[in-house]
Amino acid sequence: MGSVKNKIIKLRKKILYHNYLYYKLDSPVISDEKYDFLMKNLQILEKKINLMFNINSPTQRVGFNIRNSDNIFFHLTPMLSLDNVFNMDDYLKFENKVKNFLNLVDKIELCCEFKIDGLALNLIYKKGKLIKAVTRGDGEKGEDVTSNAIKIKTIPLNLNGSNIPDLMEIRGEVFIKNSDFIKLNNESVIKKEKIFSNARNVASGSLRHNNSEIVIKRKLIFYAYGYNVIQGKDCISNHYDKLQNLKRWGLSIDSHTVLCNGVKEVLSYYHKIEKKRLLLDFNIDGIVVKINSIHFQKILGNTSRSPRWAIAFKFQSIKKVTKVLYVDFQVGRTGMITPVARLEPVEISGVQISNVSLYSKKEISRIGLSVGDYVTICRSGDVIPKIINIVTKNIDKTNNRISFPKVCPICMYEIIQKKKDGHFYCSGGFNCIAQRKKSLHHFFSKKALNVKGLGPKLINCLVDNNYIKNPADVFKLKINELILLNNISIKSAEKILKFINKARSVSLSKVIYGFGIHEVGLVTAMLLSKYFKYLHKIIDANVSDFLKIDGLGPVVAKNIFNFFHDQSNRKLFYSLLQELNIHTDKNYGMGSVSKNMLFFNKKIVITGVFHELNRIELIKKIESLGGIVVNSISKKVNLIIFGKNPGVKLIQAKNLGIESIHNIKFLLN
Ligand code: IVH
């Protein structure tokens, strides 16, 4: 132990010396590799005797050039989120709740700020020196992005002025200006590089980029909105003064922050800023209202997710008017025809919008839309663009009606309306190139056969050049066929063939999921695999056999039956069986199930997207805790676990009074 400690001390001194030469004198005497080697050794030794978090170690300071973007760092205090309100009534509820909690009758002083739509960043300053910059991550730990953050001009490496606490975390938002975002995308178009979908993604991608010069080039900005003192004194009694402190120390804060007394003043600020946001050169998606008194903040405290002393009062999404140029009809994987309006491009919160889905024929009639109309569009939830209404009808008497096609625009097969859902479908099946391409994308996608390198672009190219017609053809591809396609080198072609070969050995659930049967997701595919064990048994089963599976409803049972009894599908998967080596899915439960397990015998439905775990991992976890994952909601279901963008299952579950869980962090241990 003693000798390890000595080694650590020596290494720290050595690295600090090289930091000095590199950062202060700009004249390093060792190579980057040698420097990395010293640093790596130090990290290993620190880990060995648990000296990981020592603020004086160069592993914790600027000068530590992070090459590994997976570098995780635990925040000194959790980085919480904010609760949201979207209207005056809900905002009032927040203020009243706070006042009740504090036993106040009088108006309360509130600090109102911009809610900048960027990326949260935590800066750790020790004795006024920046030692770490960490993204929010999961709130408890984030990604160490110090080497990039030090390149942001608005992040001071050393704080100025007096009363600087010994150790503190300064928090704020990283973003880029909309004008810089547009410039960047224009340059990307010329250079044929990746186009970013919005300014926030640029900020986030740049901060994690392994080349820190990108941060300078993309002009990232940091605005601080608060700090927490970890060691040392801070005699400040209100939030507004804290912001002034930040400014004095050299940080940038937004200049629109004001103090308000009570709801009336907050509302007037909210409306003023809502109008002003259109003139700003950066995106804000609301205001943040904070109880100004630190004393009150302390009494109110936090929930596990957010502080009780602050609220995000969000704006309605921005609306813009534009013209409908024409309407296209897209063919999906299942053949469903979706009308898409092509628009005169407009920009909403930094994103160019030129298409909007019209969903269905019914929706076109509901809006009463014609080509040439001027429409109001918004990005609902600030993401998916949507038509709200028609502003000016096209008065041109020429034919501008949107007529739904009678035949598929891709394969010319007849379009038929399905009674079941009222939607229109191309009847071409696998004969339709559009359906064929999309089915192939799905079959080889990550959640199904997971063939790396065989993405939509390559599949489209292979189909267009007649190299593949169905999934089985992919396994017969020859190297020269791949090389003949543009942009594929011998090396990449070999790699792709290697991945294709690897995908031959696959679990039954992935094959079933890959077929893309209507309403058969990963969970149902897994249920089928576990129940039948072999594909031929599924192929020969009838609807009543499927209904024997717990958690599988009649609609899905019928879909599966119909799929496997379609003659052309049968042909396709018999040829596929020659190529694949399908194995049954393991039962994920860790052997025996005991009554003490958290989910013992509980029937559980999963819906939505989870960032912490993927579907399979979540199913594994539930089963290892004694739970049974089922696909559909019924009275027999005990629990629903829901992630982001949950489906209709959550509403059904709530109607039946089924218990629900949103936060799955406790499952991660
Ligand atoms: S205070 C404990 N103030 O909004 C309170 N957050 O959902 C922490 N944000 O990712 C947040 N502007 O980074 C606060 N003036 C502001 C903010 C702000 C933007 C972000 C924050 C977080 C998200 C909260």
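Look up: the structure comes first, before these words.
Residues numbered from 1 in each chain as written. Predicted model: local features only at pLDDT ≥ 70, side-chain atom pairs only at ≥ 80, totals over all residues. Heavy atoms only, no water.

Asks: Can you help me understand the overall build of the protein in this one?
Replies: Each helix and strand in the protein was counted, giving 24 helices and 24 strands. For the protein, the C-alpha radius of gyration of 29 Å lies close to 26 Å, the compact-globule estimate for 669 residues. Along the first, second and third principal axes, the C-alpha set of the protein runs to 80 × 70 × 60 Å. Of all intrachain contacts in the protein linking residues separated by at least 6 positions in sequence, the fraction that spans at least 24 positions is 65%. When the accessible surface of the protein is summed, it comes to about 35,500 Å², and 52% of that surface belongs to carbon and sulfur atoms. (Helix = DSSP H or I, 4+ residues; strand = E, 2+ residues; numbered from the N terminus. Rg over C-alpha atoms; globule rule 2.2 N^0.38 Å. Contact = heavy atoms within 4.5 Å. Areas by Shrake-Rupley, 256 points an atom, 1.4 Å probe, with all protein chains shown as cover.)

Asks: Explanation requested: the site of the ligand in the structure shown.
Replies: Close to the ligand lie 13 residues, the nearest being Glu113, Phe114, Glu173, Tyr225 and Lys290. Protein burial of the ligand: of its 530 Å² of free accessible surface, 86% is covered by the chains. For the shell around the ligand, the secondary-structure elements that each account for two or more residues are strand 3 (109-116) and strand 10 (284-291). When residues in the shell around the ligand are grouped by element, the largest group, four residues, is from strand 3. Looking at the shell around the ligand residue by residue, the classes come out as eight nonpolar, one polar and four charged. (Near = heavy atom within 4 Å. Nonpolar A, V, L, I, M, F, W, Y, C, P; charged D, E, K, R; others polar.)

Asks: Looking at this structure, I do not really get helix 13 (residues 456-464). What am I missing?
Replies: Helical geometry note: an α-helix holds 3.6 residues per turn, so side chains three or four residues apart project in the same direction. Taken residue by residue, helix 13 has Leu458, Ile459, Leu462 and Val463 as its buried positions. Here the buried residues of helix 13 occupy an arc of 135° about the axis, which is enough to place them on one side. Structural note: helix 13 exposes Lys457 and Asp464 on the side pointing more than 90 degrees away from its buried face. Looking at the buried residues of helix 13, the elements they touch are helix 12 (433-443), helix 15 (479-484) and helix 16 (490-502). Immediately downstream of helix 13, the backbone of Asn466 shows phi near 65°, a positive value. (Buried < 20%, exposed > 50% of the residue type's maximum accessible area, 1.4 Å probe, protein only. Arc of directions from axis to C-beta.)

Asks: Where do I start with the sheet that holds strand 22 (residues 628-630) in this structure?
Replies: The pairing of strands in a sheet comes from backbone hydrogen bonds and takes either a parallel or an antiparallel form. Taken in spatial order, the four strands line up as 22-21-23-24 in an open sheet, and their pairing is parallel. Each edge of the sheet is formed by a strand with only one pairing partner; in this case those strands are strand 22 and strand 24 (659-661). Going across the sheet, the axis of each strand differs from the next one's by a mean of 35°, ignoring polarity. Pairing of strand 21 (residues 603-607) with strand 22 involves three bridges; the strand directions are parallel. The residue bridging Val605 from the neighbouring strand is Val630, located in strand 22. Strands strand 21, strand 22 and strand 23 (639-642) of the sheet are contacted by helix 23 (residues 615-624), whose axis makes an angle of about 165° with strand 21. The strands that helix 24 (residues 648-655) touches are strand 21, strand 23 and strand 24; relative to strand 23, the one it contacts most, it runs at about 145°. (Pairing = 2+ DSSP bridges. Axes fitted to C-alpha atoms, helices over the stretch in contact; angles between N-to-C directions.)

Asks: Looking at this structure, I do not really get the side chain of Lys242. What am I missing?
Replies: On the secondary structure map, Lys242 appears in helix 8 (residues 239-249). Buried Lys242, no salt bridge; nearest opposite-charge side chain is Asp234, N-O distance 5.0 Å. With residues up to four places along the chain from it excluded, the contact list for Lys242 reads Tyr227, Asp234, Ile236 and Ile294. (Lys, Arg positive; Asp, Glu negative; His and termini not counted. Salt bridge = Lys/Arg side-chain N within 4 Å of Asp/Glu carboxyl O.)

Asks: Please clarify how unusual backbone geometry should be interpreted in this entry.
Replies: Generally, phi is negative for residues other than glycine and the peptide bonds are trans, each holding for most cases. The phi dihedral of Lys127 falls on the positive side, at around 45°, and the residue is not glycine. Along the polypeptide, Lys127 turns up in the loop between strand 4 (119-126) and strand 5 (129-135). With a phi angle near 65°, Tyr359 is a residue other than glycine that sits in the positive phi range. Secondary-structure assignment places Tyr359 in the loop between strand 14 (351-357) and helix 11 (361-367).

Asks: I tried to follow a positive patch on the surface on my own but got confused; where do I start?
Replies: Residues Lys446, Lys452, Lys491, Lys495, Lys498 and Lys502 make up a contiguous surface patch of positive charge. Within the element layout of this structure, Lys498 appears in helix 16. On the basis of relative accessibility, which here comes to 60%, the residue Lys498 falls in the exposed class. (Patch = residues over 30% accessible without salt bridge, like charges linked within 9 Å, V, L, I, M, F, W, Y side chains within 5 Å. Charge placed at Lys NZ, Arg CZ, Asp CG, Glu CD.)

Asks: Hey, could you run me through the nonpolar core in this one?
Replies: Generally speaking, nonpolar side chains in soluble globular proteins are found buried as a group. Counting 68 residues, the largest nonpolar core has Phe444, Leu449, Phe515, Leu528, Phe546, Phe564 and Ile641 as its most contacted members. Counting residues per element, this core draws most heavily on helix 18 (residues 522-532), which supplies seven residues. Ignoring anything within four residues of it in the chain, the contact list for Phe546 reads Leu528, Phe532, Ile538, Ala541, Leu552, Ala557, Ile560 and Phe561. Leu123, Leu184, Val202 and Ala203 belong to the second-largest nonpolar core, a separate cluster that totals 34 residues. (Core = buried A, V, L, I, M, F, W, Y, C linked by side-chain atoms within 4.5 Å.)

Asks: Help me understand the pairing of strand 10, please; the structure alone is not making it clear to me.
Replies: For a regular strand, side-chain orientation follows a simple rule: the groups alternate between the two sheet faces. Burial analysis of strand 10 places eight of its eight residues in the buried class, the great majority of the element. With five bridges connecting them, strand 10 and strand 11 (residues 310-314) associate as antiparallel partners. The residue bridging Lys290 from the neighbouring strand is Ala310, located in strand 11.

Asks: Can you walk me through the packing of helix 17 (residues 508-515) against helix 18 in this structure?
Replies: Running from N to C, helix 17 and helix 18 point in directions that differ by 130°, and their axes come no closer than 8 Å. Judged by the inter-axis angle, helix 17 sits oblique to helix 18. Regarding helix 17 and helix 18, the two cross each other, and that crossing is right-handed. Contact with helix 17, carried on its side by Leu508, Ser509, Ile512 and Tyr513, involves Leu522, Ala525, Met526, Leu528 and Ser529 of helix 18 and no other residues of that element. Grouping the constituent residues of the contact of helix 17 with helix 18 by class yields seven nonpolar, two polar and no charged. (Parallel < 35°, antiparallel > 145°, perpendicular 65-115°, else oblique. Left-handed = near helix turned anticlockwise from the far one by under 90°.)

Asks: Is there a simple way to explain the pattern of salt bridges in this structure?
Replies: A side chain of one charge can pair with a side chain of the opposite charge when the charged atoms of the two come close. According to the stated counting rule, one finds 19 salt bridges in the structure shown. The salt bridge involving Arg208 is made with Glu143; its shortest N-O contact spans 3.2 Å. A residue pair is termed long-range when its members are at least 10 positions apart, and Arg208 in the loop between helix 6 (199-207) and helix 7 (213-217) and Glu143 in strand 6 (residues 141-143) qualify at 65 residues. Lys437 serves as the salt-bridge partner of Asp464, at 3.0 Å between the closest nitrogen and oxygen. Taken together, the residues Asp464 in helix 13 and Lys437 in helix 12 connect sequence positions 27 residues apart. Look at Asp464 and you get exposed, because its relative accessible area is 52%. When its relative accessible area of 16% is taken as the criterion, Lys437 is described as buried. Connected through shared salt-bridge partners, Asp180, Lys183 and Lys219 make up one network.

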